[in-house]
Amino acid sequence: MISKQIHFNSFSESNFFPQERSLQGWLAISGFLLLTVVSYFAGAAALLRLVYPVTALAVAIFLYLRHPILYIGFTWWIWFLTPLAARLVDYRIGWDPTRQMLIAPYLVVFVTIATFLRHSPRASTQGAMPFVLAFIAVFYGFLIGLVHNSPLPVARGLLDWLSPILFAFHLFINWRDYPSYRQNIQRIFIWAVLLLSIYAIYQFVVAPEWDRYWLIESKMYTSSGSPEPFGMRVWSTLHSPGPFASIMQTGLLLLFTSSGSLILPASALGYLSFLLTQVRSSWLGWFLGIVMIFGSVKAHLQMRLMAMILIIIMCVIPLTNIEPISDVVTNRLETFSQLEKDTSFNERSESYERNLNLALSNVLGKGLGNIWTLNEKTGELEVFVLDSGILDMFFTLGWVGAIPYLAGFMLIIFSVFQYAEARFDTFVSTARAISITFCVQLVGYSTMIGLSGMIMWGFLAMAMAAHKYYQHQNTQF
């Protein structure tokens, strides 16, 4: 009775009459989807490049104010599905080098700046100071970027760097609703694994025309395979294999904390599509996550984890023996034993040798947008890829910005490793494992920004929210 009363009191005023609010929220989301579909098929696809981001923002503001749980789900799904929507529009009316529609996920997340402005003055008393330190570091990078770089790339960099911090801050501040947020996120990622995997396998087997068009026009065929059936490294509804692999890595780890009839089909299809991404860093991240979860939970949960792994292996192995899937997976796995001959590995090693000393000697940094250039002929933002989040951090923020950014980040990492709640709440254990694996992957690419940053910072925030929630529960008895 006490716990129920505590949970009821934790809800804000906007959560009264939840069924009515939920209906309003779903009507808003349904209206957004209906408008998008009708515009596309009614010959107004060109308008979607402006209408889609604007209406997504409007729905996000409404959900944020009236139904915060639905807002969280809407945010994740906008990240998951917007790249596919952009590809379909491009295929129908022609390539858009400015990528206007891809701003929608960032606009949806930036709604949470209201949370940051409202609560950041009390961050030190609420335990949210690490997020404020990271925010200050990014804002510093923004100011330096305005001095050294063009405004458009700087704005693009600000969206990438700041969105994960704002979203994570929002999740943490709402720690009183941790059980609802936990259930919501688990459900989102179960459905994401299932639905995105189905499309990924379809993409691999059929190679839809809009995906082939995207692959050719984006010039990603050098890293994402050839535009033909059985030739692609799948990226499903995302815009490249890396972000899709990040979602699958996260979702497949979360499946171990969930239950229900969808777990088995989601796991079988999910692991198959995960292998078809051919993203080795995410494969290693998943394995590290499993080890971390196994080592942090109680014995009976370890037994359940082992049983689930055995069941999944029995489901996935027969699927991976089907040609040509077996060739793709086997060839990629063999590269682990031949790293000295691997082009990607050698390029990353050379990048470190060439740029590490230069990056670490950068005191002030080059600011946000330093890796982006504007092609004056095409109007397209082109990126110089740094295959390392560590290099990216020091090139962008310098020591002046990297110190507060890393200080905030390391404070959170140190804290979540101390949480005893991971012993009995498998979601806390999994959220911590997910975040740490993305942190380790900073060696290979910039996991602190964009979608991967949303995952890394977001799940760190959920672990912190769980800790504060359980602390509050214990003080009530």
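None of the values given here were measured: they were computed from a predicted structure.

*Asks:* Can you tell me about the packing of helix α12 (residues 241-254) against helix α20 (residues 450-475), naming the residues and giving the values?
*Replies:* The description of two packed helices rests on the angle between their axes and on the distance between the axes. It is at 9 Å that the axes of α12 and α20 come closest, and there the two elements cross at 30°. On the basis of their axis angle, the class for α12 and α20 is roughly parallel. Judged by residue contacts, Pro243, Ser246, Ile247, Thr250 and Leu254 of α12 engage Leu451, Ser452, Ile455 and Phe459 from α20. Classifying every residue of the contact of α12 with α20 by side-chain character gives 6 nonpolar, 3 polar and no charged.

*Asks:* Lay out unusual backbone geometry in plain terms, naming residues and giving numbers.
*Replies:* Look at Ala207: it is not a glycine, yet its phi comes out positive at around 55°. Locating Ala207 in the fold gives a position in the loop between α10 (178-206) and α11 (209-217). Exposure remark for Ala207: the relative accessible area of 1% places this residue in the buried category. For Phe230, which is not glycine, the phi torsion reads 65° and is therefore positive. Structurally, Phe230 can be placed in the loop between α11 and α12.

*Asks:* Can you tell me about α11, naming the residues and giving the values?
*Replies:* The complete set of buried residues in α11 reads Asp211, Trp214 and Leu215. One side of α11 carries all its buried residues, which in axial view fall inside an arc of 100°. Where α11 is buried, its residues contact α4 (68-93) and α10. Two residues or fewer past α11, Lys219 is found with a positive phi of approximately 60°.

*Asks:* For the confidence of the model for the chain, give the residues involved together with the corresponding values.
*Replies:* Confidence along the chain averages 87 in pLDDT terms, with 88% of residues attaining 70 or more. When pLDDT is averaged over each helix and strand of the chain, the minimum, 38, is found for helix α1 (residues 2-10) and the maximum, 97, for helix α5 (residues 104-110). Across residues 1-18, confidence stays below pLDDT 50; counting only partners more than four residues off in sequence or on other chains, it has 23 contacts.

*Asks:* Residues and numbers for the nonpolar core, please.
*Replies:* Membership of the largest hydrophobic core comes to 142 residues, with the highest contact counts inside it found for Phe74, Trp76, Phe131, Tyr405 and Trp457. Ranked by the residues each element gives to this core, the list is headed by α20, at 15 residues. With near-sequence residues (within four places) excluded, Phe74 lies in contact with Ile29, Phe32, Ala56, Val59, Ala60, Leu63 and Val108. The next biggest cluster of nonpolar side chains, apart from the first, holds 7 residues, and it includes Trp95, Ala207, Met220 and Trp235.

*Asks:* Please provide a residue-by-residue account of the pattern of salt bridges, values included.
*Replies:* Under the criterion given, the structure shown has 6 salt bridges. A salt bridge links Arg87 to Asp211; its shortest N-O distance comes to 2.6 Å. Of this pair, Arg87 sits in helix α4 while Asp211 sits in helix α11, placing them 124 residues apart in sequence. Overall, Asp211 belongs to the buried group, its relative accessible area being 0%.

*Asks:* Give me the lowdown on empty space enclosed by the protein, citing residues and values where you can.
*Replies:* Evaluation of the coordinates by the stated rule reveals 2 cavities of 30 Å³ or more. For the largest cavity, the calculated volume is near 70 Å³. In terms of lining residues, the largest cavity is bounded by Phe256, Thr257, Ile293, Val297, Leu301, Arg304, Leu305, Met308 and Thr426. Looking at the lining of the largest cavity residue by residue, the class counts come to 6 nonpolar, 2 polar and 1 charged. Each pocket or cavity is described by its volume, and for the second largest cavity that value is around 30 Å³. Residue lining of the second largest cavity: Arg49, Ala86, Val89, Asp90, Asp96, Arg99, Gln100 and Met101, and that is the complete set. When residues in the lining of the second largest cavity are grouped by element, the largest group, 3 residues, is from α4. Considered class by class, the residues forming the lining of the second largest cavity number 3 nonpolar, 1 polar and 4 charged.

Procedures and definitions
- Residues numbered from 1 in each chain as written.
- Predicted model: local features only at pLDDT ≥ 70, side-chain atom pairs only at ≥ 80, totals over all residues.
- Heavy atoms only, no water.
- Axes fitted to C-alpha atoms, helices over the stretch in contact; angles between N-to-C directions.
- Helix = DSSP H or I, 4+ residues; strand = E, 2+ residues; numbered from the N terminus.
- Parallel < 35°, antiparallel > 145°, perpendicular 65-115°, else oblique.
- Contact = heavy atoms within 4.5 Å.
- Nonpolar A, V, L, I, M, F, W, Y, C, P; charged D, E, K, R; others polar.
- Buried < 20%, exposed > 50% of the residue type's maximum accessible area, 1.4 Å probe, protein only.
- Arc of directions from axis to C-beta.
- pLDDT = per-residue confidence, 0-100.
- Core = buried A, V, L, I, M, F, W, Y, C linked by side-chain atoms within 4.5 Å.
- Salt bridge = Lys/Arg side-chain N within 4 Å of Asp/Glu carboxyl O.
- 1 Å grid on protein atoms, 1.4 Å probe; cavity = no way out; pocket = protein on both sides within 12 Å on 5 of 7 lines; lining within 4 Å.
- Points joined across faces, edges and corners; volume = space filled by probe spheres on them.

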